[in-house]
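Spelled out, the chains give:
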Amino acid sequence: MSIRELTPGQARAKQLDGVLLIDVREAHERAGGMAEGAVGIAKAALLADPARHLSAVDREVMLICQSGKRSADAAVALAGAGYSQLASVTGGTVAWRVDGLPLVQPLLDAEDRDFYDRYSRHLLLPQVGEAGQRRLQQSRVLVLGAGGLGAPSGFYLAAAGVGHLRIVDDDVVERSNLHRQIVHTEAGVGMAKVDSARERLRALNPQIEVEAIRERVTSDNIDALMQGVDVVLDGSDNFPLRYLLNDACIKHAKPLVYAAIERFDGQVSVFDAGRHRGEAPCYRCLFPEPPPPEFAPNCSEAGVLGVLPGLAGVMQATEVLKLLLDIGEPLTGRLLRFDALQMRFRETRITADPACPLCAPGVPFPGYIDYAAFCSQHG
């Protein structure tokens, strides 16, 4: 079906003569500027109930979008519904702007304007959109550690608009941290890491909440730290804490986004056995016992390339966002290993252990243990 097309200049002349101009873009797109005098009605809303917005099928109506395609498609759909006096603006708002025709910004409160401006690139993604971004805004993530992994992952989660970050760490910023823990600065040396991180993340995105908890994570406080969160991000650097986080996430049925780094190598995975018993593995399915200390030195003992935590942390942040938005395929049941020196990635499948003492179906939660003793016994 052929739909009449108008240049922006022709549409403007008709508009001044009283012809209705409808901007069929989404609200977040119109927030950046729309043709003066246009009425904003998203395409989906217009087509879902055209009679609500158009009083007569023979009323002359012009449609405009960003480039002209959506408005033309909407006009075809309206014509199929019996509307006869339709036109689409060729080139859309882009051409309107190029031609120097007047644009206005819709009246929004400061909070909405910040939302549409800040997350405009997310809002363009069909997998995110406004509904997904609002979902992120309502989400809560527990970040264990404000060091090498927590620094880059925290930055990107804050930038992405995750509404509440609960960051837990009992350490202070040291100068030796700065080559990899990018959330901290020279001015923060000697400061509590959680306070330094909160200051930087709030400077990046003042619209989010950052809860800074300066505590050592133990069996006594882990349940309280888990309250109300949607996803747990493991930024720890020791085996006792990793086992504790794993067990707590099974108990509270929360997904755990894991990473570990050493020298030039890293690995990332998602453990979601708490929500998917018998299907998704847990950390204990991968490591029933911790390796001896000589085979698992930490960064202070073995060293680490400064950018390596960034690679792993950004992957962790990606997995957190996928879980919160329920999009894509998380790294559940997959261990992604990478060698930064060779820039090679390898994926290993992990299956749920039917005899796992923590996550096997029907196994009641056995309670927390002395994780330091457990690791030293097996180490």
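In case you missed it, the structure is sitting above this.
The rules behind the values
Residues numbered from 1 in each chain as written. Predicted model: local features only at pLDDT ≥ 70, side-chain atom pairs only at ≥ 80, totals over all residues. Heavy atoms only, no water. Buried < 20%, exposed > 50% of the residue type's maximum accessible area, 1.4 Å probe, protein only. Helix = DSSP H or I, 4+ residues; strand = E, 2+ residues; numbered from the N terminus. Arc of directions from axis to C-beta. Contact = heavy atoms within 4.5 Å. Polar contact = N/O pair within 3.5 Å; in protein donor to acceptor, adjacent residues only side chain to side chain. Core = buried A, V, L, I, M, F, W, Y, C linked by side-chain atoms within 4.5 Å. Pairing = 2+ DSSP bridges. Axes fitted to C-alpha atoms, helices over the stretch in contact; angles between N-to-C directions. Salt bridge = Lys/Arg side-chain N within 4 Å of Asp/Glu carboxyl O. Disulfide = S-S within 2.5 Å.

It is worth spelling out helix α1 (residues 8-16) at this point. Within α1, the full set of buried residues consists of Pro8, Ala11, Arg12 and Gln15. Within α1, the buried residues cover an arc of 100° as seen down the axis, which keeps them to one side. Check the buried side of α1 and you find it contacts β1 (4-6), β2 (20-23), β5 (61-64), β6 (86-89) and α6 (92-98). With its phi angle positive at about 110°, Gly18 sits one or two positions after the end of α1.

So, about the environment of Val314. Among the secondary structure elements, Val314 is positioned in helix α16 (residues 308-325). When its relative accessible area of 33% is taken as the criterion, Val314 is described as partly exposed. Counting along the chain gives 39 residues from Val314 to Asp353, while the straight-line C-alpha distance between them is 29 Å.

Attention now goes to the environment of Glu186. Looking at where Glu186 falls in the secondary structure, it is placed in the loop between β9 (164-168) and α11 (193-204). The spacing of Glu186 and Val173 is 13 residues in sequence and 8.9 Å in space, taken between C-alpha atoms. When neighbours within four sequence positions are excluded, Glu186 is seen to be in contact with Arg175 and Leu178. Side-chain polar atoms of Glu186 contact the side chain of Arg175, separated by 2.5 Å.

Before going further, it helps to spend a moment on the nonpolar core. Counting residues in hydrophobic clusters, the biggest one holds 42 residues, and the most contacted among them are Val141, Leu157, Leu165, Ile167, Leu201 and Val320. When residues in this core are grouped by element, the largest group, nine residues, is from α16. The next biggest cluster of nonpolar side chains, apart from the first, holds 27 residues, and it includes Phe239, Leu241, Tyr258 and Tyr371.

This paragraph deals with the sheet that holds strand β8 (residues 140-144). Taken together, the eight strands give an open sheet; going across it, the order is β10-β9-β8-β11-β12-β13-β14-β15, and neighbouring strands pair in mixed fashion. Where the open sheet ends on each side, the last strands, each with one partner, are β10 (209-213) and β15 (344-349). Looking at each pair of strands side by side, their axes are set apart by 15° on average, direction ignored. Alignment of strand β11 (residues 231-234) against strand β12 (residues 256-262), held across two bridges, turns out to be parallel. Directly across from Val232, in β12, lies its bridge partner Leu256. Sitting on the sheet, helix α10 (residues 150-160) is in contact with β8, β9 and β11, with an inclination near 165° to β9.

A word on the pattern of salt bridges. Side-chain pairs of opposite charge can arise whenever the charged atoms involved come near each other. Summed over all chains, the structure comprises 20 salt bridges. Residue Asp223 pairs with Lys251 through a salt bridge whose shortest N-O separation is 2.9 Å. With Asp223 in helix α12 (residues 222-226) and Lys251 in helix α13 (residues 239-252), this pair connects stretches of sequence that are 28 residues apart. Take Asp223: its relative accessible area is 23%, and that puts it in the partly exposed class. A relative accessible area of 38% means that Lys251 is categorised as partly exposed. In this structure, Glu329 and Arg334 form a salt bridge, with 3.8 Å as the shortest nitrogen-oxygen distance. Put simply, Arg4, Lys14 and Glu60 are held in one network by salt bridges that share partners.

Quick look at the state of the cysteines now. What the rule picks out here adds up to zero disulfides. We note that Cys249 lacks a disulfide partner, and the nearest cysteine sulfur, in Cys282, lies 10 Å from it. Cys285 supplies the cysteine sulfur nearest to Cys359, a cysteine that is in no disulfide, at a spacing of 3.5 Å.

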